[in-house]
Amino acid sequence: MTAVQTFYERHPYPAPPKDLDRLVELYRDPLRRRVMFRLLWPTLPYRASRTILVAGCGTSQAAAIALREPDARVVGIDISEASLCHTRLLQQKHGITNLKLHQLPIEQIGELNQRFDQIICTGVLHHLPDPDQGLKALRDALNPQGAMQLMVYALYGRSGLYMLQDYCRLLDIGSSDQDLEALSATLQTLPPQHPLASVMRATKDFLHPDALVDALLHPQDRAYSVPQLHAWLDRCGMAFGRWMEQAPYLPQCGVVAQTPHAAQLGALPSPSQHAAVELFRGTITKHYFTAFRQEDAGINRPDPLAPQQRSRRDDGWRGLIPLRIPWTLKVRERLPAGATAILLNQAHTCSDLILPIDSDQASLLGAIDGERTLGEIVQTAKMASGEKRALRFFRRLWQYDQIVFDGSPSKDAPN
């Protein structure tokens, strides 16, 4: 076995859950499925009966995806039989019939002789000896107009982790209970200025033994800056789609927009904007994003309400249906002057990514019902807000990960 396979046979990760009951309740809401679909395909007709590959599915991810997408055919692969055993237990417990599991490395996915509409690979490619080989293998298994949902480690936000990995190697720290207990106690005495301290504060279970082993004792991983990520995708015949949570990368969002450099940042091409904001923030530890085959990049819609898009497409924006992202919150406490509420996305880890709204904007937000088009909403609010102001607000909602757009011709949705 390879070092990585041996590692995961001994330390299945993440810690396997006893059941998926909480997810069953969440997925009763069809809006979650519709929003997840629109994050990947903003313009294609909704299709529930798609094929999904979960590559490196770990202890539960493939079972969770199969539960969320009951009409899809889901395949999970992993190199760890120990991890697959945990997934099989969940499959049996919840009576999941639309899932097949295989012990198989990502590089050998071609042996299945299958192609997929959607490929999910989060937290695996950066552990391969050759991430290019792994991504190219996944690309070859992707159907035309298919989409990938990927996560790889981010370079700068993990600097403290790599420092402690070197520390553990110098002391020859292993994964015995005694070693992990001592390591956990040691980390709690780290100076608050240490680069790892912010990661520990942001990750509630960091000191859990499974998390410690995966973060600090893993035999093989690498990380990517934003430019390195784009170069990697390009080498492998893939095109970047969007960040799953994009506000942390945008110079229009949060504290970055208040700096003297905001206008200069906004004038850069989008990849350079994102690269600069990653450097400014310094705390992004994971890049979670969508990607397409290069020949299919046109099905993505990078910024549907950008002024240049509107002028080129005339009134095409009027047919977009805004969908509220279910894991966002509206807060009415400790408000800044003039605000009636604050919007925040619970997936954001940066505390500055809050969006204050006034009463007119709250009315626009309240008009989103998953059925009305943007044109209908703006027309209704025209007297109070004005078209341009309303469009600027909806673009802000999209930038701050409060909404996604359904831009498909049929506007159909899951039941």
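That block above? That's the structure.
The residue count restarts for each chain, going from 1 along the sequence in the order it is written. In view of the model being predicted, local features appear only for residues whose pLDDT reaches at least 70, and side-chain atom pairs are presented and counted only at 80 or more, with totals across whole chains, interfaces and linings using the full set of residues. For side-chain calculations, the full set of non-hydrogen atoms in the structure is used, while hydrogens and water are omitted.

*Asks:* What exactly am I supposed to notice about the pairing of strand 10 (residues 341-345) here?
*Replies:* Remember that side chains alternate between the two faces of the sheet whenever the strand is regular. Partly exposed residues are those whose accessible area sits between 20% and 50% of the maximum for their type, while under 20% is buried and over 50% is exposed, using a 1.4 Å probe and protein chains only. Under the DSSP-based scheme used, a helix requires at least four consecutive residues in state H or I and a strand at least two consecutive residues in state E, with every element numbered from the N terminus. Of all five residues that make up strand 10, four are buried, and the element is covered over most of its length. In this analysis, strands are considered paired if DSSP registers two or more bridges between them. By the bridge criterion, four bridges tie strand 9 (residues 328-331) to strand 10 in an arrangement that is antiparallel. Bridging from a neighbouring strand, L329 pairs with L344 of strand 10. Summarising the sheet, strand 10 and strand 11 (residues 354-357) pair through four bridges and their orientation is antiparallel. Counted as the bridge partner of L343 is L355 from strand 11.

*Asks:* Before we go on, may I ask you to explain the layout of surface pockets in this structure?
*Replies:* Unoccupied space between atoms shows up once a probe the size of one water molecule is rolled over them. Within this model, the second largest pocket holds a volume of roughly 460 Å³. Site definitions follow a grid-based scheme: protein atoms alone, a 1 Å grid, a 1.4 Å probe that fits but cannot get out for cavities, and for pockets an open set with protein on both sides within 12 Å along at least five of seven lines, plus lining residues having an atom within 4 Å of a point. S270, H274, P302, D303 and W398 are the residues nearest the centre of the second largest pocket, which is lined by 22 residues in total. Taken together, the elements giving at least two residues each to the lining of the second largest pocket come down to strand 6 (238-243), helix 13 (270-281), helix 14 (307-313) and helix 18 (387-399). In this count, Pro and Cys sit with the nonpolar residues alongside Ala, Val, Leu, Ile, Met, Phe, Trp and Tyr, while Asp, Glu, Lys and Arg are called charged and the others, Gly among them, polar. Its residues placed into classes, the lining of the second largest pocket shows seven nonpolar, twelve polar and three charged. Grid points are joined across faces, edges and corners, and a volume is the space filled by probe spheres set on the points.

*Asks:* Whenever I open this one, the sheet that holds strand 11 confuses me. Can you help?
*Replies:* The pairing of strands in a sheet comes from backbone hydrogen bonds and takes either a parallel or an antiparallel form. Read across the open sheet, the three strands follow the order 9-10-11; overall the sheet is antiparallel. The strands lining the two open edges of the sheet, one partner per strand, are strand 9 and strand 11. Taking the axes of each pair of neighbouring strands and ignoring which way they run, one obtains an average angle of 25° across the sheet. Set on the sheet, helix 15 (residues 359-366) makes contact with strand 9, strand 10 and strand 11; between it and strand 11 the angle comes to about 110°. Each axis is a line fitted through C-alpha atoms, taken for helices only over the stretch in contact, and angles between the N-to-C directions span 0 to 180 degrees. Residues are treated as being in contact if the distance between any of their heavy atoms lies within 4.5 Å.

*Asks:* For this particular structure, what's the right way to read the pattern of salt bridges?
*Replies:* It is possible for side chains bearing opposite charge to pair when their charged atoms get close. A pairing counts as a salt bridge when a side-chain nitrogen of Lys or Arg comes within 4 Å of a carboxyl oxygen of Asp or Glu. Taken as a whole and assessed by the stated rule, the structure comprises 20 salt bridges. Linking D303 and R395 is a salt bridge whose minimum nitrogen-to-oxygen distance equals 2.6 Å. Highlighted residues: D303 in the loop between strand 7 (286-293) and helix 14 and R395 in helix 18, separated in sequence by 92 residues. Residue class for D303 comes out buried when judged on its relative accessible area of 15%.

*Asks:* Is there a simple way to explain empty space enclosed by the protein in this structure?
*Replies:* For the coordinates displayed, the defined rule picks out one cavity of 30 Å³ or more. In this structure, the largest cavity spans a volume of roughly 130 Å³. What lines the largest cavity is a set of 14 residues, among which R38, P42, R242, R301 and W398 lie closest to the centre. Secondary structure elements with two or more residues in the lining of the largest cavity: helix 3 (30-40), strand 6 and strand 12 (403-406). Classifying every residue of the lining of the largest cavity gives eight nonpolar, three polar and three charged.

*Asks:* Could you clarify how one ought to interpret the sheet that holds strand 6 in this entry?
*Replies:* In spatial order, the strands read 3-2-1-4-5-7-6; together these seven strands make up an open sheet with mixed pairing. Looking along the sheet, the strands with just one partner apiece sit at the ends: strand 3 (99-103) and strand 6. Each neighbouring strand pair of the sheet contributes to a mean axis angle of 20°, computed without reference to strand direction. Note: strand 5 (residues 142-153) against strand 7, six bridges, orientation antiparallel.

*Asks:* How do you make sense of the environment of N345 when you look at a structure like this?
*Replies:* Positionally, N345 belongs in strand 10. Residues N345 and G407, spaced 62 residues apart in sequence, show a C-alpha to C-alpha distance of 22 Å. In this view, N345 contacts I325, W327, T328, Y400, D401 and Q402; residues no more than four positions away in its chain are not counted. As used in this structure description, the phrase polar contact means that two N or O atoms lie within 3.5 Å; if the pair is within protein, one of them must be able to donate a hydrogen and the other to accept it, and residues adjacent in sequence are counted only when both atoms belong to side chains. A distance of 2.8 Å separates a polar atom in the side chain of N345 from the backbone nitrogen of A347.

*Asks:* Looking at this structure, how should I read helix 11 (residues 226-235)?
*Replies:* In an α-helix, one turn spans 3.6 residues; hence positions three or four apart end up facing the same way. Three or more residues of helix 11 are buried, namely V226, L229, W232 and L233. Taken down its axis, helix 11 places every buried residue within 120° of arc, on the same side. The inward-facing, buried residues of helix 11 contact helix 6 (131-140), strand 5, strand 6, helix 13 and strand 7. A positive phi of about 75° marks G237, the residue just after helix 11. Each direction from the helix axis to a C-beta atom contributes to the arc, which is the arc of those directions.

*Asks:* When you look at the packing of helix 11 against helix 13 in this model, what are you seeing that I'm missing?
*Replies:* What describes two packed helices is the angle between their axes and the distance between those same axes. Following both chains from N to C, one finds helix 11 and helix 13 inclined at 140°, their axes separated by 8 Å at the closest point. Relative to helix 13, the element helix 11 is oriented oblique. In contact with V226, P227 and H230 of helix 11, helix 13 contributes P271, H274, A275 and E278. Class assignment of the residues belonging to the contact of helix 11 with helix 13 gives a composition of four nonpolar, two polar and one charged. Roughly parallel means an angle under 35 degrees; roughly antiparallel means over 145; roughly perpendicular covers 65 to 115; every other angle is labelled oblique.

*Asks:* Is there a simple way to think about helix 13 in this case?
*Replies:* With twelve residues, helix 13 ought to run about 16 Å at 1.5 Å a step, and its terminal C-alpha atoms sit 16 Å apart, in line with that. Residues Q273, H274, A275, V277, E278 and R281 constitute the buried set of helix 13. On the buried face of helix 13, the contacting elements are helix 11, strand 6, helix 12 (262-266) and strand 7. At the C-terminal side of helix 13, G282 shows a positive phi close to 70°. By this rule, a helix spans an expected 1.5 Å times one less than how many residues it contains.

*Asks:* Could you clarify how one ought to interpret unusual backbone geometry in this entry?
*Replies:* With the exception of glycine, most residues fall at negative phi, and the peptide bonds are largely trans. Going from Y13 to P14, the amide bond is cis rather than trans, its omega being 0°. In this structure, P14 sits in the loop between helix 1 (3-10) and helix 2 (21-26). Located in the positive-phi region is N113, a residue other than glycine, with phi close to 55°. Of note, N113 is situated in the loop between strand 3 and strand 4 (116-122). When its relative accessible area of 70% is taken as the criterion, N113 is described as exposed. The phi dihedral of Q145 is positive, around 65°, even though this residue is not glycine. As for its placement among the helices and strands, Q145 is situated in strand 5. Residue classification places Q145 among the partly exposed residues on the basis of a relative accessible area of 39%.

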